[in-house]
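Below are the chains, spelled out letter by letter.
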Amino acid sequence: MSKELNVLLGHSADNDGIEEYDNPLPTWWLGLFYFTIVWGAVYAVHYHFVGGRSQAGEYDAEVAAYEAAKPKTSTAGPTEGPDAITAGKALFDTNCVSCHGPKADGVDAAGNKSIGPNLTDAEWIHGGTLADIEKTITVGVPEKGMITWGPILGPEKVKQVAAFVHSSGGGQ
Ligand code: HEC
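Note that the structure is predicted; figures quoted are calculated from it, not measured.

How each quantity is defined
Residues numbered from 1 in each chain as written. Predicted model: local features only at pLDDT ≥ 70, side-chain atom pairs only at ≥ 80, totals over all residues. Heavy atoms only, no water. Helix = DSSP H or I, 4+ residues; strand = E, 2+ residues; numbered from the N terminus. Buried < 20%, exposed > 50% of the residue type's maximum accessible area, 1.4 Å probe, protein only. Salt bridge = Lys/Arg side-chain N within 4 Å of Asp/Glu carboxyl O. Axes fitted to C-alpha atoms, helices over the stretch in contact; angles between N-to-C directions. Parallel < 35°, antiparallel > 145°, perpendicular 65-115°, else oblique. Left-handed = near helix turned anticlockwise from the far one by under 90°. Contact = heavy atoms within 4.5 Å. Near = heavy atom within 4 Å. Polar contact = N/O pair within 3.5 Å; in protein donor to acceptor, adjacent residues only side chain to side chain. Nonpolar A, V, L, I, M, F, W, Y, C, P; charged D, E, K, R; others polar.

1. What to know about unusual backbone geometry
Negative phi is the rule for most residues except glycine; trans is the rule for most peptide bonds. We note that Asn6 has phi near 55°; this positive angle belongs to a residue other than glycine. Inspection of the secondary structure assignment puts Asn6 in the segment before α1 (27-50). Positive phi, close to 65°, is recorded for Ala104, a residue that is not glycine. Counting through the fold element by element, Ala104 comes out in the loop between α4 (97-100) and α5 (130-139). For Ala104, a relative accessible area of 1% gives the class buried.

Structural data, given as structure tokens:
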């Protein structure tokens, strides 16, 4: 390189006494600099055209993976209205008759008083609104023999059987 090195530019008077050289950048530094430019161009071409990747595509793929991994919404059916009551009746017949009787009135098939109380009258130990009934079924009354149904049936089926109990006469 013919240029003379380490020559002060001599404008320190304008720059609060700061001196400056005008030396060329080191070759290794320039090499790195040009390499990053070439790399950027190659990468951009690869990313967009060869690899066919895009931020939107990556986003869609992540959303699709999330949708595939998340628990499926229950197929238990409606949780309120007449269809819920019908589904709730079937659940009651399977799970609750043994203690509350086939008619939910606290009388067993042989006509004797059953373990569980009458659910069709206006007398409620734990409240007769739909929300009360749902809560009693979910948490149960384990110390009195009423099972904690929440983890067994899951929230949708609890809502259905609660809808049935609520509709059985005594609901408030
Ligand atoms: C193993 C017996 C048993 C089974 C099975 C059972 N229950 Fe009960 N249930 C009871 C008992 C005992 C009580 C009374 C709890 C108390 O005295 O606090 C009760 C209370 C209730 C109450 C509250 C009544 C009130 O007066 O507040 C509801 C509602 C109820 N059960 C619904 C159900 C439903 C719905 C099912 C089926 C998913 C079911 N039970 C299954 C024994 C049972």
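2. A look at the pattern of salt bridges
If charged atoms from side chains of opposite charge come close, those side chains can pair. Within this structure, the stated rule accounts for three salt bridges. Across the pair Lys70 and Glu67 runs a salt bridge, and its minimum N-O distance is 3.5 Å. Given the relative accessible area of 42%, Glu67 is considered partly exposed.

3. Description of the packing of α5 against helix α7 (residues 155-166)
The N-to-C vectors of α5 and α7 enclose an angle of 130°; their axes lie 9 Å apart at closest approach. On the basis of their axis angle, the class for α5 and α7 is oblique. α5 and α7 meet at a crossing whose hand is right-handed. Residues Leu130, Ile133, Glu134, Ile137 and Thr138 of α5 pack against Val158, Lys159, Val161, Ala162, Ala163, Val165 and His166 of α7.

4. Considering the site of the ligand
Around the ligand, the surrounding shell holds 23 residues, and the nearest of these are Cys96, Cys99, His100, His126 and Met146. His100 is positioned with one of its side-chain polar atoms (N or O) 2.7 Å from a nitrogen atom of the ligand. Within the side chain of His126, a nitrogen or oxygen atom sits 2.6 Å from an oxygen atom of the ligand. Every element with two or more residues in the shell around the ligand is listed here: α4, α5 and α7. Looking at the shell around the ligand, its residues break down into 15 nonpolar, seven polar and one charged.

5. Some words on the packing of helix α3 (residues 82-95) against α7
Interaxial distance between α3 and α7 falls to 7 Å at its minimum, and their mutual angle equals 95°. For the element pair α3 / α7, the angle class is roughly perpendicular. Contacts between α3 and α7 involve Ala84, Ile85, Ala87, Gly88, Lys89, Leu91 and Phe92 from the former and Lys157, Gln160, Val161, Ala163, Phe164 and Val165 from the latter. Partitioned by chemical class, the residues of the contact of α3 with α7 number nine nonpolar, two polar and two charged.

These figures come from the coordinates and say nothing about function on their own.
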